[in-house]
Amino acid sequence: MRTTTTVTNAMNIKSYLNHIYMDDPDRIFLKLSYMGEKINGLVARSDHNAHAKSDADHDYVTLEVPAEQRGKLFSPATGRLVSPEHVPTNEPTRGARGCCVCIRPSHGMLYAPVTGRITTQLPSHNAIGIMTFDGVQILLTVGDAPQNYRGSAFRQLAWQNDSVHLGDPLIAWDRGILRDEGQNDLVVMAVTNPNDLASVTPLQHRMPWTTVVRPGAQVMSVEFPNAS
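Residues numbered from 1 in each chain as written. Predicted model: local features only at pLDDT ≥ 70, side-chain atom pairs only at ≥ 80, totals over all residues. Heavy atoms only, no water.

1. Side note on the overall build of the protein
Then, in step 1: For the protein, the count of helices and strands is four helices and 14 strands.
Then, in step 2: Taking all 228 residues of the protein together, the buried fraction comes to 39%.
Then, in step 3: The long-range share in the protein, meaning contacts at least 24 apart out of those at least 6 apart in sequence, stands at 74%.
Then, in step 4: Total accessible area on the protein is roughly 13,200 Å²; 55% of this is exposed by carbon and sulfur atoms. (Helix = DSSP H or I, 4+ residues; strand = E, 2+ residues; numbered from the N terminus. Buried < 20%, exposed > 50% of the residue type's maximum accessible area, 1.4 Å probe, protein only. Contact = heavy atoms within 4.5 Å. Areas by Shrake-Rupley, 256 points an atom, 1.4 Å probe, with all protein chains shown as cover.)

2. Looking at the side chain of Thr78
Then, in step 1: For Thr78, the position within the fold is in the loop between strand E1 (72-74) and strand E2 (79-82).
Then, in step 2: Exposure remark for Thr78: the relative accessible area of 17% places this residue in the buried category.
Then, in step 3: Sequence-distant contacts of Thr78, that is, excluding residues within four places in its chain, are made with Ile103, Arg104, Pro105, Ser106, His107, Val213, Arg214 and Pro215.

3. Brief notes about the pairing of strand E14 (residues 218-223)
Then, in step 1: Where E1 meets E14, three bridges bridge the pair, whose relative direction is antiparallel. Within E14, the residue paired with Lys72 across the bridge is Ser221.
Then, in step 2: Judged from the four bridges that link them, strand E12 (residues 199-202) and E14 form a sheet pairing that is antiparallel. Paired with Thr201 across the strands is Ser221, a residue of E14. (Pairing = 2+ DSSP bridges.)

4. A word on the pattern of salt bridges
Then, in step 1: The full count for this structure, using the stated rule, is two salt bridges.
Then, in step 2: Of the charged contacts in the structure, one is a salt bridge between Arg70 and Asp134, with a shortest N-O distance of 3.0 Å. Of the two residues, Arg70 is situated in the loop between helix H2 (26-57) and E1 and Asp134 in the loop between strand E6 (127-132) and strand E7 (137-142); the sequence distance between them amounts to 64 residues.
Then, in step 3: Given the relative accessible area of 45%, Arg70 is considered partly exposed.
Then, in step 4: With a shortest N-O distance of 2.7 Å, Asp185 and Arg175 are connected by a salt bridge. (Salt bridge = Lys/Arg side-chain N within 4 Å of Asp/Glu carboxyl O.)

5. Thoughts on the nonpolar core
Then, in step 1: Judged by nonpolar contacts, the single largest core of 34 residues is most densely connected at Leu73, Leu140, Phe154, Leu170, Trp173, Val191 and Met220.
Then, in step 2: Sorting the residues of this core by element identifies strand E3 (100-105), E6, E7, strand E10 (169-173), strand E11 (187-191) and E14 as the ones contributing at least two each.
Then, in step 3: Residues Val87, Cys102, Val188 and Ala190 belong to the second largest nonpolar core, which totals seven residues. (Core = buried A, V, L, I, M, F, W, Y, C linked by side-chain atoms within 4.5 Å.)

6. Side note on unusual backbone geometry
Then, in step 1: At His125, a position not held by glycine, the phi torsion is positive, near 65°.
Then, in step 2: Along the chain, His125 falls in the loop between strand E5 (116-121) and E6.
Then, in step 3: One non-glycine residue, Asn161, lies in positive phi territory at about 85°.
Then, in step 4: Mapped onto the fold, Asn161 is located in the loop between strand E8 (154-156) and strand E9 (163-164).

7. Notes on the sheet that holds E14
Pairing between the strands of a sheet comes from backbone hydrogen bonds, and it takes one of two forms, parallel or antiparallel.
Then, in step 1: Read from one edge of the open sheet, three strands run E1-E14-E12, paired in antiparallel fashion. Looking along the sheet, the strands with just one partner apiece sit at the ends: E1 and E12. Geometrically, the sheet is characterised by an average inter-axis angle of 20° between neighbouring strands, direction not taken into account. (Axes fitted to C-alpha atoms, helices over the stretch in contact; angles between N-to-C directions.)

Here's what the structure looks like:
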């Protein structure tokens, strides 16, 4: 009897909902709109709380660079490698003086290419700086002129002063919104302090430009000056 009652109740609920929405289909859109606003509000509140917590705590935890990661920079995104010469309008590439890797992403997610601390961020949430604990400074950007983007397509997942591990998600973005705004989402990873290092070598020249890379694949190597 309990099973029969449960089935009957379920059928009654289904019939009730069908009756409501067939009589007034606009209610479906109103309900979906209401739910969408609530979800967006929860996401915004979560981001605000994470940012506030980062500013308050500063997360000053020392993360040592694992031996197997030292001297290596890994891909911050999934996609195809692009020669910097093929993206002459990209401002971060022009400013990197050859110490950079460009990726045409296939997904809207940016990951930490190293273990380190976030030192820089933009209000538009589409650029982030990281410094490793052995002194490599890295700038990650999404787009040709990140400072000009409005930021509506981006969601930042880690904040200034946070410590991050290799592979941690940093930024997510909606590729459809960027296309509608006439923007692209080229990912550039640049080493910004090459003069403090013995050498910075992108590994792109050893790979065909059609190479697909994923987070965790090494794309640059760094050598440190002798401590003498």
